[in-house]
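# Structure at a glance
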Amino acid sequence: MLNTECKQCHKKWHHTNAKYCSMCGKKLVDEPEFKAGDIVASKIFADGSFGLVRLNEDLTNRFTSVDGFWYIKVDCDITNVSLGVFKEDTRHATPEEIAEYEVALTFRKHGRKPFEVKKGDLIRTPSEEITLIWYPENYTKEEFLDYGWEFLKTVEEVDEWLGADDE
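What you are looking at is a predicted structure, and each value in this text was computed from that prediction instead of being measured.

### Focus on the sheet that holds strand β3 (residues 39-43)
What the 5 strands build is an open sheet, ordered β6-β5-β4-β3-β7; its pairing is antiparallel. Two strands close off the open sheet at either side, each with one partner strand: β6 (77-86) and β7 (90-92). In this sheet, adjacent strand axes meet at a mean angle of 40 degrees when their direction is disregarded.

Below you can see the structure in the form of structure tokens.
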């Protein structure tokens, strides 16, 4: 298909997926603001609270259904769902939000709700020490986000590794 016209030199009949004019080099199409792989924050609830998600395709329409692992900040939960977003209610996530999203996904990978720790879980501290969780109520979201703690293994994974269930 040939149809895009350059607004600068008025050359017509560019290929539909051409991004630049073959005569003057001017851009023919604007790049989307939100691209596949971006982590975005979007107001997806009536109360205006944000959810975070990694886009699996460019967000080009005013209203788009976005599927993926949504991290709902207000209740620290991750769900694999498709939610409709309005482009004007969406922004790029801040570096702090991206870090929080990535940590939440780590917990999900281990079958836990974000920032849920149990007695016997293993974490890595910023000083590279491996720590066994003994008092889970002492470990909060802030330890992982503000102090750089890393969730390594659940107590169930540790037991499996040690063969504790093989009596």
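Back to the text.
### Focus: the sheet that holds strand β9 (residues 130-132)
Read across the sheet, 3 strands follow the order β9-β8-β10 without closing on themselves; strand pairing throughout is antiparallel. Of all strands in the sheet, those bounded by a partner on one side alone are β9 and β10 (150-153). Within this sheet the neighbouring strands show an average axis-to-axis angle of 35 degrees, counted without direction. Here strand β8 (residues 122-124) runs beside β10; their pairing, made up of 3 bridges, is antiparallel.

### Quick look at the side chain of aspartate 121
Looking at where aspartate 121 falls in the secondary structure, it is placed in the loop between α1 (95-109) and β8. Among the polar contacts made by the side chain of aspartate 121, one reaches the main-chain amide nitrogen of valine 155 at a distance of 2.7 Å. Here aspartate 121 is in contact with Arg112, Glu116, Thr131, Leu132, Ile133, Phe151, Lys153, Thr154 and Val155, once residues within four sequence places are set aside.

### Remarks on the packing of aromatic side chains
Tallied over the full model, the rule gives 6 aromatic pairs. Aromatic side chains phenylalanine 107 and phenylalanine 115 sit 5.6 Å apart centroid to centroid with 50 degrees between the ring planes, which places their arrangement in the tilted category. With respect to burial, phenylalanine 107 and phenylalanine 115 carry one shared label: buried. Members of the aromatic cluster, connected to one another through ring pairs, are Phe107, Phe115, Phe144 and Phe151. If you follow arginine 91 out to its NZ or CZ, it ends over the ring of phenylalanine 50, 4.5 Å from the centre. The ring of tryptophan 134 has lysine 119 sitting right over it, with the charged end atom 4.1 Å from the ring centre.

Definitions and cut-offs
- All residue numbers here refer to positions counted from 1 along the written sequence of the relevant chain.
- Only residues with pLDDT of at least 70 get local features here, since the model is predicted, and only at 80 or more are side-chain atom pairs given and counted; chain-wide, interface and lining totals rely on the full set of residues.
- Computation of side-chain values covers all heavy atoms of the structure but excludes hydrogens and water.
- Two strands pair under a simple rule: DSSP has to find at least two bridges between them.
- Put simply, DSSP marks the helices as runs of H or I at least four residues long and the strands as runs of E at least two long, and each gets a number from the N terminus on.
- Only C-alpha atoms enter the line fits that serve as axes; for helices the fit covers just the stretch in contact. Angles between N-to-C directions range over 0 to 180 degrees.
- Whenever a nitrogen or oxygen atom comes within 3.5 Å of another N or O atom, the pair is scored as a polar contact, on the condition that within protein one atom can donate a hydrogen and the other can accept it, and that pairs from neighbouring residues in sequence are kept only if both atoms are in side chains.
- Contact criterion: two residues are considered in contact whenever any of their non-hydrogen atoms come within 4.5 Å of each other.
- Centres within 6.5 Å make a pair out of two Phe, Tyr or Trp rings, where for Trp the six-membered ring is used; the pair is then stacked when the planes are under 30 degrees apart, edge-to-face when over 60, and tilted otherwise.
- Working definition: with a 1.4 Å probe on protein chains only, accessible area under 20% of the residue-type maximum means buried, over 50% means exposed, and in between means partly exposed.
- Working rule: Lys NZ or Arg CZ, within 6 Å of ring centre, within 35 degrees of ring normal, means a charge sits over the ring.

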